[in-house]
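The lines below spell out each chain.
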Amino acid sequence: QRVVYPTDHMVFLFQNSNRHMIFFILLKGLRLMEKNNNFMGTRPVFPLLMSMSVPMMLSMLIQSLYNIIDSIYVSRLGTQALTAVSLAYPLQNAIVSVAVGIGVGISSAISIHLGSDNQEKANRAAVIGLALTIIHCVLFILAGIFITHPFLSMFTDNPDVLESACIYTRIVLCFSFGSLLQIAFEKIFQGIGEMKVTMYMLTAGCIINIILDPILIFGLLGFPAMGVAGAAVATVIGQVCSFLLYVAAYRRKQYAVQLRLHDLVFDRAVIKQIYGVGIPSSIMLLLPSVLISILNSILTAISEVYVAVLGVYFKLQTFIYMPANGIVQGMRPIIGYNYGAGKRERVKKTIRYSLLSAACLMLIGTGLALLLPGQILSLFKADTELMDAGITALRVISAGFLVSSVGLIYAGVFEALGNGRSSLVISLLRQFIITVPLSLILTRAAGMGALGVWISFPAGELCASAAAVFLLKRYEKGVFNPFFNF
């Protein structure tokens, strides 16, 4: 009996009922694979975007909550302990920046190849991405051994703080494989649209970390009190557990990409594709740390109260921009898949709905900053001086929230399209190229003081958004312009 699978080139010959049964089993498997691969190209765009974005919003908010709780636990050890952990932040942030940046490159490559129906390339991108991540693990181990002490000694002369900071940093760097591999798997699952899996794994890792923090820091339940080292060990264990849970989830069922050793080959095009998006993305993640350092040096010359205001603002803005970043993470695989499949209208719809969703979040943030700045700052027990300076800062900076939707979303669009360079240009304009020089000009040459720094934020967002519109208009002759063509 001749049976033809209608959506493929395969022809099966069967001569008895047993083979016919085998065919239907294979057919069911093929249809399951097709469903796993194609839902990003067939489901209605807005429900699909929300189903992929909301889990990422929740998991990112949980991570923010963990960071706050971790700081609270460490602060109970004293100011020196908190200072030691704070000194480790740049190197710790470097791990996350490299991991997330390369992970975004892996995710982009996977979704594009799946969309173009190139299963082999999608599998190869996942496997090569994991291999590159393992190489990065080795580099961070070497950094932990040889760079930790020289780097940290540049920022403190206190031997106790330096010793604690070195202990914490070495543990985090030398055992960074948990964080790097966890994030690599996270981006692989995001690349195939499995957002709920990433939400569960991120949440599990954070909860394990939160539970272990007081146990290992203060020596509860019979464990020795490890102090700052305990915080580092808890962090590492949480990351390793999350990674192992990803492995268990992958082995539990068949997903749209397969991790097979024979796909580990030297493929220059795939490596270039991953790093082409990954390196700019890593740089973008490092920019806020650089920006804060530079702006702090500008504000310190005016008054230390403005440094505190800037610190409060960056804590507050995470609760506005993190949900928006959740939309970006949900959007990327949808755009990448449909771009690879040649479905331009679905790409445009995804960009349009992402912009509108981010704009709604930014409007809420703008309203809160304009109408309730005092109530927000009171959460930080602000004194009169901090309250007055903070209210002005929030109201001025919030003027750029709504327009920032364009720069934020378009940067993610270019990542999804595999164009890391344009994404980097937008992010540099948002967080560095405009903000830093304009702050210097307005605070010193124009004599505007701290107000000049606050004005530079919406100015940078406006310039970045204008550049983003221009770049997308020029990209492939403007075929992905989400609203209209000029």
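Look up a bit, the structure's there.
Here's what I pulled together on the structure shown here. (Residues numbered from 1 in each chain as written. Predicted model: local features only at pLDDT ≥ 70, side-chain atom pairs only at ≥ 80, totals over all residues. Heavy atoms only, no water.)

### Some thoughts on unusual backbone geometry
In this structure, Leu221 is a non-glycine residue whose phi angle is positive, near 55 degrees. If you trace the backbone, Leu221 turns up in the loop between α8 (195-218) and α9 (228-252). Taking relative accessible area as the criterion, Leu221 reaches 70% and is therefore assigned exposed. For Lys477, which is not glycine, the phi dihedral falls at a positive 60 degrees. Within the secondary structure layout, Lys477 lies in the segment after α18 (450-474). Residue Lys477 is classed as exposed on the basis of its relative accessible area, which comes to 80%. (Helix = DSSP H or I, 4+ residues; strand = E, 2+ residues; numbered from the N terminus. Buried < 20%, exposed > 50% of the residue type's maximum accessible area, 1.4 Å probe, protein only.)

### What about the environment of Val240?
Within the secondary structure, Val240 is located in helix α9. Here the alpha-carbon distance between Val240 and Ser179, two residues 61 residues apart in the chain, equals 6.9 Å. Not counting the four nearest positions on each side in its chain, Val240 is found in contact with Phe177 and Gly178. (Contact = heavy atoms within 4.5 Å.)

### Here's the deal with the nonpolar core
Inside soluble globular proteins, nonpolar side chains tend to come together where they are buried. Within the largest apolar cluster, 96 residues are counted, with the highest numbers of intra-cluster contacts made by Ile110, Ile409, Trp454 and Phe457. When residues in this core are grouped by element, the largest group, 16 residues, is from helix α11 (residues 304-340). Filtering out sequence-adjacent residues up to four positions away, Ile409 remains in contact with Ile327, Val328, Met331, Ile351, Ser354, Leu355 and Ala358. Of all hydrophobic cores here, the second largest spans 34 residues; its members include Ile95, Val104, Phe140 and Leu180. (Core = buried A, V, L, I, M, F, W, Y, C linked by side-chain atoms within 4.5 Å.)

### Some remarks on the packing of helix α14 (residues 384-397) against α18
Relative to each other, α14 and α18 sit at 25 degrees, their axes nearing to 8 Å. Between α14 and α18, the angle falls in the class roughly parallel. In this structure, α14 crosses over α18, and the sense of that crossing is right-handed. Contact residues: α14 offers Thr392, Ala393, Val396 and Ile397, while α18 offers Leu451, Trp454, Ile455, Phe457 and Pro458. (Axes fitted to C-alpha atoms, helices over the stretch in contact; angles between N-to-C directions. Parallel < 35°, antiparallel > 145°, perpendicular 65-115°, else oblique. Left-handed = near helix turned anticlockwise from the far one by under 90°.)

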